[in-house]
Amino acid sequence: MYSSLIHQIGVEEKREIQGPLGSTVEWVLIAELWGGFAEVSLEGRAQFQQIGHSSVSGKLIFRGPLGFDLKMAEHRFVYKGEYYEAVEPPGNPDTLNRFVSIVVKKLPQQP
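Residues numbered from 1 in each chain as written. Predicted model: local features only at pLDDT ≥ 70, side-chain atom pairs only at ≥ 80, totals over all residues. Heavy atoms only, no water.

(A) View of the packing of aromatic side chains. Evaluated as defined, the whole model comprises 3 aromatic pairs. Between Phe-37 and Tyr-79, the ring centres sit 5.4 Å apart and the planes meet at 25°, which makes this aromatic pair stacked. Of this pair, Phe-37 sits in strand E2 (residues 22–39) while Tyr-79 sits in strand E4 (residues 75–79); the two residues are 42 residues apart in sequence, bridging distant segments of the chain. Grouped by ring-pair contacts, the aromatic residues Phe-37, Tyr-79 and Tyr-84 constitute a single cluster. (Phe/Tyr/Trp six-rings, centres within 6.5 Å; stacked < 30°, edge-to-face > 60°. Helix = DSSP H or I, 4+ residues; strand = E, 2+ residues; numbered from the N terminus.)

Printed below as a string of structure tokens:
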């Protein structure tokens, strides 16, 4: 799995823009990282549901470290035209900091 980190995954950051009619939210691309996506099995989904994450879609895996501080409420990921948000802080699956994994859920399609 870790040898197939061949996809460009976008990282977007939420920015609030003040305008004459109030504030609007804009998502700005801040990074494109090489990574991969691993779907969570039914057994894995059941385990995540037990700890309160009912809509986990999978894990994004990146070569680590990320190069920025991930703020879960202010960042989202774009993979193959779909949007995802982190449901847990980043993990280090190999303890050597070679990889970073982030458990994500799929967001509704954006306009």
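(B) Here's a closer look at the nonpolar core. Within the largest apolar cluster, 16 residues are counted, with the highest numbers of intra-cluster contacts made by Leu-60, Phe-62, Leu-66, Phe-77, Ile-102 and Val-104. Where this core is concerned, the elements lending two or more residues are strand E1 (7–19), E2, strand E3 (58–63), E4, strand E5 (82–86) and strand E6 (99–106). Dropping the residues within four chain positions of it, Phe-62 is found in contact with Leu-5, Ile-9, Leu-33, Trp-34, Gly-35, Phe-77, Arg-98, Phe-99, Val-100 and Ile-102. (Core = buried A, V, L, I, M, F, W, Y, C linked by side-chain atoms within 4.5 Å. Buried < 20%, exposed > 50% of the residue type's maximum accessible area, 1.4 Å probe, protein only. Contact = heavy atoms within 4.5 Å.)

(C) Examining the pairing of E2 more closely. Across 13 bridges, the pairing between E1 and E2 is antiparallel. Counted as the bridge partner of Gly-10 is Glu-32 from E2. Counted along the chain from E1 to the antiparallel partner E2, the turn is 2 residues long. Alignment of E2 against E3, held across 5 bridges, turns out to be antiparallel. Bridging from a neighbouring strand, Gly-36 pairs with Ile-61 of E3. (Pairing = 2+ DSSP bridges.)

(D) Summary view of the side chain of Glu-12. With respect to the helices and strands, Glu-12 occurs in strand E1. Polar side-chain contacts of Glu-12 include one of 2.6 Å to the side chain of Arg-76. With residues up to four places along the chain from it excluded, the contact list for Glu-12 reads Trp-27, Val-28, Leu-29, Ile-30, Glu-74, His-75, Arg-76, Val-78 and Tyr-83. (Polar contact = N/O pair within 3.5 Å; in protein donor to acceptor, adjacent residues only side chain to side chain.)

(E) Fine view of the sheet that holds E1. Strand order in this closed barrel of 6 strands is E1-E2-E3-E6-E5-E4, and the pairing throughout is antiparallel. Neighbour-to-neighbour, the strand axes of the sheet open up by a mean angle of 45°, direction not taken into account. (Axes fitted to C-alpha atoms, helices over the stretch in contact; angles between N-to-C directions.)

(F) Here's a closer look at the pairing of E5. Looking at chain direction, E4 and E5 are connected through 3 bridges and run antiparallel. Looking across to E5, one finds that Phe-77 is bridged to Tyr-84. Across 3 bridges, the pairing between E5 and E6 is antiparallel. The partner of Tyr-84 across the bridge, within E6, is Lys-106.

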